[in-house]
Every structure is written in C-alpha cells, then in structure tokens.
Amino acid sequence: MNANDRQIGGWHYQKHGALQHWDIVARFGLDYFQGQILKYVMRWREKGGVEDLRKAAHFLEKYIELQNDEAAEPLG
C-alpha cells in the first residue's frame, strides 16, 4: 500500500482520485508557498469554504512580499 491509498484526517482530497495535492507539488517542483496556495484552492469547496480561499490569498500576499524583498536585495 502506498501513501495515496489512504487519507488521514479528512476526505477532501479523495474526490480527486489518484491525483493528490502532494503529487502535483512534487511533479511540478512547487515550493512551500506555492504548495500551500494550491492546497487551499484545491480543497475550498469540500473543506473550508471561502475561508480557505482567504488563506490561499494570505499565502499569496506573503509570497509576493518575499518575491519583492528578494528582488530588492542587492547582489553580492
């Protein structure tokens, strides 16, 4: 049995069948923030409702801040 054959603590990803959130993250090499944003967007209807969309937006807001900070840092 592999990890995709069971769900611990919820059923909200099972509706996607063999396509699990962590498989998408791994396949596309997403970082932590990208993975969190995707997680909340994928599950919002089945689990947290609009609050999950707000969580995704909050992670995106922080991700944008980090990208802006990184772009503003001088090289070397």
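Reference entry: report on the structure contained in this document. (Residues numbered from 1 in each chain as written. Predicted model: local features only at pLDDT ≥ 70, side-chain atom pairs only at ≥ 80, totals over all residues. Heavy atoms only, no water.)

**Considerations on the packing of helix α2 (residues 32–43) against helix α3 (residues 50–72)**
Then step 1. At a closest axis distance of 8 Å, the pairing of α2 and α3 adopts a crossing angle of 160°. Taken together, the axes of α2 and α3 are roughly antiparallel relative to one another. Pair α2 / α3 crosses with left-handed handedness. Note on element contacts: α3 touches α2 through D52, K55, A56, F59, L60, K62, Y63 and L66, opposite Y32, F33, Q34, Q36, I37, Y40, V41 and R43.
Then step 2. Within the contact of α2 with α3, the residues separate by chemical class into 10 nonpolar, 2 polar and 4 charged. (Axes fitted to C-alpha atoms, helices over the stretch in contact; angles between N-to-C directions. Helix = DSSP H or I, 4+ residues; strand = E, 2+ residues; numbered from the N terminus. Parallel < 35°, antiparallel > 145°, perpendicular 65-115°, else oblique. Left-handed = near helix turned anticlockwise from the far one by under 90°. Contact = heavy atoms within 4.5 Å. Nonpolar A, V, L, I, M, F, W, Y, C, P; charged D, E, K, R; others polar.)

**Some details on α2**
Then step 1. Its 12 residues give α2 an end-to-end C-alpha distance of 17 Å, which sits within 8% of 16 Å, the value for a rise of 1.5 Å per residue.
Then step 2. Those residues of α2 lying buried are F33, G35, Q36, I37, K39, Y40, M42 and R43.
Then step 3. Two to three positions downstream of the cap, the backbone nitrogen of F33 sits 3.1 Å from a side-chain oxygen, assigning the N-cap of α2 to D31. (Expected span 1.5 Å × (residues − 1). Buried < 20%, exposed > 50% of the residue type's maximum accessible area, 1.4 Å probe, protein only. Polar contact = N/O pair within 3.5 Å; in protein donor to acceptor, adjacent residues only side chain to side chain.)

**Some thoughts on the packing of helix α1 (residues 21–28) against α2**
Then step 1. Remark: α1 packs on α2, axes separated minimally by 10 Å, with the N-to-C direction vectors making an angle of 145°. Both α1 and α2 take part in a crossing whose hand is right-handed. Contact residues: H21, I24 and V25 in α1; G35, L38, K39 and M42 in α2.
Then step 2. The residue makeup of the contact of α1 with α2, split by class, is 4 nonpolar, 2 polar and 1 charged.

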